[in-house]
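Close look at the chain arrangement
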Amino acid sequence: MRSREIFEEIRNQKDQIFGLRMRLSLLVAAELVICILLSIGANSLFTRMSSTALRVPLIVGIIAFGVIFCFIVTSLISKWFSDPIKKMGKAMEKIADGDFSARLTTKSKIKEIREIYSGFNMMAHELGSIEIIQSDFVSNVSHEFKTPINAVEGYAMLLQDCDGLEEDQKKYVDGIIVSTQRLSTLIGSILLLSKIENRSIPTDQSEFSLDEQIRQSIVGMESVWEEKNIEIDADLESVKYYGNENLMIHIWDNLLSNAVKFSPYGDVVTMRLKKANGKIVFTIEDNGEGISEEAQKHIFEKFYQADSSHKQEGNGLGLALVKKILALEDGEIKAENIDGGGCRFTVILKNKTA
Ligand SMILES: Nc1ncnc2c1ncn2[C@@H]1O[C@H](COP(=O)(O)OP(=O)(O)OP(=O)(O)O)[C@@H](O)[C@H]1O
Ligand SMILES: [Mg+2]
């Protein structure tokens, strides 16, 4: 079963829900008829009664009985119908979050509910297999790309060192190297993302110094910020953290590379790391143009780039990667604009130690 069949299944489920609604309407109508019969019976009882002393308590009794009867019947009916639908709502939420392992079981006597549940399970199963095929494909293709790209880059580098190249030829070789490096970064990011999404990344946890790791990131990216004459103002409190050291480095690398990329030439990027209210808080600020409110809603999505002037300088995968890594670490990230220009990214981590 593929996409078209899944849509068919959804259409089928719509029919089942329609049948369910019809049944519900019939039950409510039956309840109404019972109420009407009750009031007709009560009315004829009153007209035949001679003693007025008995009339008032009888009226009160019948009204009370009617209200209680309707209340019990209505709550039974709504529970009967709404419980399985609530259960399905929860399972749908799981599917929407990308967890295709959600399945529904029921002992319901209602045929439509049983059919909706089995249709839902079929859909979840198929969506799960499509997801596996797709992510396996992405991961295999990216992996297969890596070797030839590395070879092209290696040969281009050898060519760069050859004597006797004309100016134009040198420019072409430089172009090949820059493009292959860009492609290699893209493939690296796609592979890492797909590994995190498939949960096939090693979950090694260890205690390490977070401030030291951030300093390593600053040093590792020296060529990038020096090229733009950017000053890094870092005030990093000594913080020990227990988590996946190999993954965490990507967070600082990506946030720093963005801050530098979107800063004006010769500006300052500010980084702070401290413990506050039992949490670890990291902030990075730049004085660039900031991010529009609309773009802030999408920057953590894969391949989203808000600023068209910098599209050449990335693939829109950095923040998606950061968000996924933080989800694994049970951490959070938020972006906001700073009054007077620029933006601030805040990373909040749990204070975890070994
Ligand atoms: N510090 C920042 N200032 C302004 N805009 C930013 C900043 N950081 C991120 N953005 C916006 O969010 C988008 C997504 O960022 P992200 O890091 O995911 O992608 P990228 O930097 O464009 O490419 P990549 O990270 O894959 O090299 C950016 O293209 C940019 O529009
Ligand atoms: Mg980036």
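Preceding this section is the structure that the text describes.
Residues numbered from 1 in each chain as written. Chains lettered and ligands numbered in written order. Predicted model: local features only at pLDDT ≥ 70, side-chain atom pairs only at ≥ 80, totals over all residues. Heavy atoms only, no water.

This part covers unusual backbone geometry. Positive phi, normally seen in glycine, also occurs at Asn277, with a value near 50°. By the secondary structure assignment, Asn277 is in the loop between strand E4 (268-276) and strand E5 (279-285). For Asn277, a relative accessible area of 81% corresponds to the exposed category. Although it is not a glycine, Phe303 adopts a positive phi angle of roughly 65°. (Helix = DSSP H or I, 4+ residues; strand = E, 2+ residues; numbered from the N terminus. Buried < 20%, exposed > 50% of the residue type's maximum accessible area, 1.4 Å probe, protein only.)

Attention now moves to the packing of helix H3 (residues 111-160) against helix H4 (residues 167-197). Put simply, H3 and H4 touch, their axes get as near as 9 Å, and they point 155° apart. Regarding the angle of H3 to H4, the classification is roughly antiparallel. In this structure, H3 meets H4 at a crossing whose hand is left-handed. (Axes fitted to C-alpha atoms, helices over the stretch in contact; angles between N-to-C directions. Parallel < 35°, antiparallel > 145°, perpendicular 65-115°, else oblique. Left-handed = near helix turned anticlockwise from the far one by under 90°.)

With that settled, consider the nonpolar core. By size, the foremost hydrophobic cluster in this structure holds 46 residues, and its most contacted members are Leu210, Leu256, Met271 and Phe345. Both of domain 2 (134-197) and domain 3 (206-350) provide at least three residues apiece to this core. Ignoring sequence-local partners within four residues, the contact set of Leu210 consists of Val239, Tyr241, Met248, Trp252, Leu273, Ile280 and Leu349. Formed by 15 residues, the second largest nonpolar core is a distinct cluster that contains Leu20, Met88, Ala102 and Ile110. (Core = buried A, V, L, I, M, F, W, Y, C linked by side-chain atoms within 4.5 Å. Domains from an automatic or database assignment. Contact = heavy atoms within 4.5 Å.)

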